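The residues making up each chain are set out below.
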Amino acid sequence: MTDDTKTSNAMWGGRFAAGPDAIMEAINASISFDKRLYAQDVRGSRAHAAMLAATGILTNSDAEAIGEGLLTVLSEIEAGDFPFSTALEDIHMNVEARLKVLIGEPAGRLHTARSRNDQVATDFRLWVRDQADAAITSLTALMKVLVAQAEKGADWVMPGFTHLQTAQPVTWGHHMMAYVEMFARDRSRFEDARTRMNECPLGSAALAGTGFPIDRHMTAQALGFDRPMANSLDGVSDRDFALEFLSSAAICAVHLSRLAEELVIWSSAQFRFVAMSDKWSTGSSIMPQKRNPDAAELIRAKIGRVLGAAVALFTVMKGLPLAYSKDMQEDKEQVFDAADTLMLALAAMTGMMSDLTVNTAKLEAAASSGFSTATDLADWLVREAGLPFRDAHHVTGALVALAEKKGCDLPDLSLEELKAAHPALTEAVYSVLGVHNSVASRQSYGGTAPDQVRAQVARWQGLLA
Ligand code: ARG
């Protein structure tokens, strides 16, 4: 078996006199990476063999020998005791060739009514489906950690930013729950993608279906798919499931990068809003004072790889004629790398967020500076003195300018100074100039008031339970 693969291929040697050039073999082989599909390949082949027996295409004894032999192959691979061969190109031919060594003649009957085209489409779909499940699980774990952070800090006041300039006070809980919403959308994207990908290509054969009386519903069911794919050309040439996985992964990686960036900013000496635990920090070999947020920086960067994988596969698939083309072998490494990257980034973010220390005094001090309650002052003038908002905005702007000139904040201005800007201003306005009153007043649905945040926390605790 191993020797004659060098001269002419054992799988199609019938019409080939000579084996491939070494460089041809190098560019053609995928075993170095598609060996990762071994469990899916064995599973798919076992389902196929059982179906061939049930439909009378194979004898029961051949199908049993194949099924048993495939389990031996599986345990050999799992034990790290499998002779992978580049000459045998890919995982499908490696498994089949080994089966031949193990059980002899019946192995040659396994490939009846199937092709590597529907085989690889099935294996890869099963693999991506597992990854979608893993992403859903990891995102759920991250969301739980963020909801717990939000519950703890439902009324911790911090500056809310626009343009990274202090805008209005918000609560820590509100900020955390914003990410819960983002990761929830990511999770539902993976769920959607999983639902759509859950159709079975097996039995599409090379491209046109087969003349054998196969039962595609049976294999689809055995492999946990909802149904067989309805068109054999589409069955072997579709990689939407991988594109959807990568697209969902890329959006998720964008969200991770935004939270990572905030952690980098917040943990800097200039902010000190948060401190990463020792477990999630690194030191500097030269500067003893340093405590670097490397994990956050790396998560911030990982979007490059994930989006790169998505762009690469979109580019591979663009313009490919139906049905299978070897170009599609280029689908796997991208998805493997993106999936590994995403799972690692999600796990790291979950770990970092679960033992993050929040400096609530720093948060509050920062929230109270930068004229963060200027909008509250303008709103007060509208509400209590009936000013049009534009006029109120103007009066407040003048007071901000005055405070800036004096080097103080809005609550530090005297009542005389306020009244000089507008006579309707009274002692009562000071109540809205405090950051706690400011956030408590933002009771609109989805607003930052601690009551609203607690309501969202409770909703998500129910959904994530
Ligand atoms: N290694 C191939 C791939 O990943 C399997 C399918 C090969 N099919 C073929 N007709 N050459 O796409």
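Check the entry above for the structure.
Please read all numbers here as calculations on a predicted model, not as lab measurements.

A. How the structure looks around the environment of F82. Residue placement: F82 occurs in the loop between helix 5 (60-78) and helix 6 (91-103). Once residues within four sequence positions are removed from consideration, F82 is found in contact with V73, E76, I77, N94, V95 and R98.

B. Fine view of a nonpolar patch on the surface. A contiguous nonpolar patch, built from L207, L233 and L322 and spanning about 270 Å² of accessible area, is present on the exposed surface. Positionally, L322 belongs in the loop between helix 12 (294-317) and helix 13 (331-354).

C. Spatial organisation of the site of the ligand. In the region of the ligand, the neighbouring residues are S30, D34, D90, H92, R116, N117, V120, Y324, Q329 and K332. One of the side-chain nitrogen or oxygen atoms of S30 is found 3.3 Å away from a nitrogen atom of the ligand. N117 is positioned such that a nitrogen or oxygen atom in its side chain is 2.9 Å from a nitrogen atom of the ligand. Summarising the interface, the protein chains cover 86% of the accessible area of the ligand, which totals 340 Å² for the free molecule. Sorting elements by how many residues they give to the shell around the ligand places helix 7 (residues 116-152) first, with 3 residues. Classifying every residue of the shell around the ligand by side-chain character gives 2 nonpolar, 4 polar and 4 charged.

D. Geometry of the nonpolar core. With 100 residues, the main nonpolar core has L256, L263 and M349 as its most contacted residues. The greatest single-element share of this core, amounting to 16 residues, is contributed by helix 11 (residues 240-266). In contact with L256, other than residues within four places in its own chain, are L142, F183, I299, L342, A345, L346 and M349. The next biggest cluster of nonpolar side chains, apart from the first, holds 20 residues, and it includes A374, L381, L413 and L425.

E. Expanded view of the side chain of S115. As for its position among the elements, S115 is in the loop between helix 6 and helix 7. At 2.8 Å, the side chain of S115 and the backbone nitrogen of N117 are in polar contact.

Cut-offs applied
Residue positions within a chain follow its written sequence, with the count starting from 1. Reporting of local features is limited, given that this is a predicted model, to residues whose pLDDT is at least 70; pairs of side-chain atoms are given and counted only at 80 or more, and all residues count toward the totals for whole chains, interfaces and linings. Note that the side-chain values use all heavy atoms of the structure and ignore hydrogens as well as water. Helix and strand assignments follow DSSP, with helices taken as H or I runs no shorter than four residues and strands as E runs no shorter than two, numbered in order from the N terminus. Any two residues whose heavy atoms approach within 4.5 Å are treated as being in contact. Residues enter patches when they are more than 30% accessible in relative terms and free of salt bridges; like-charged ones are connected within 9 Å and nonpolar ones (Val, Leu, Ile, Met, Phe, Trp, Tyr) within 5 Å. All accessible areas in this document rest on Shrake-Rupley with a 1.4 Å probe, and a residue is counted as covered only by the protein chains that are shown. Salt bridges are defined as contacts in which a side-chain nitrogen from Lys or Arg sits within 4 Å of a carboxyl oxygen from Asp or Glu. Proximity is defined per residue: any heavy atom of the residue falling within 4 Å of a molecule or strand makes that residue near it. Any N or O atom pair separated by 3.5 Å or less is treated as a polar contact, with the protein-specific requirement of one donor-capable and one acceptor-capable atom, and with residues adjacent in sequence counted only for side-chain atom pairs. Residue polarity follows a fixed list, in which Ala, Val, Leu, Ile, Met, Phe, Trp, Tyr, Cys and Pro are nonpolar, Asp, Glu, Lys and Arg are charged, and the others, Gly among them, are polar. Within this scheme, the nonpolar core is defined by two criteria: the residues are buried Ala, Val, Leu, Ile, Met, Phe, Trp, Tyr or Cys, and they are joined through side-chain atoms within 4.5 Å. We call a residue buried when its accessible area falls under 20% of the maximum for its residue type, exposed when it is over 50%, and partly exposed in between, using a 1.4 Å probe and counting protein chains only.

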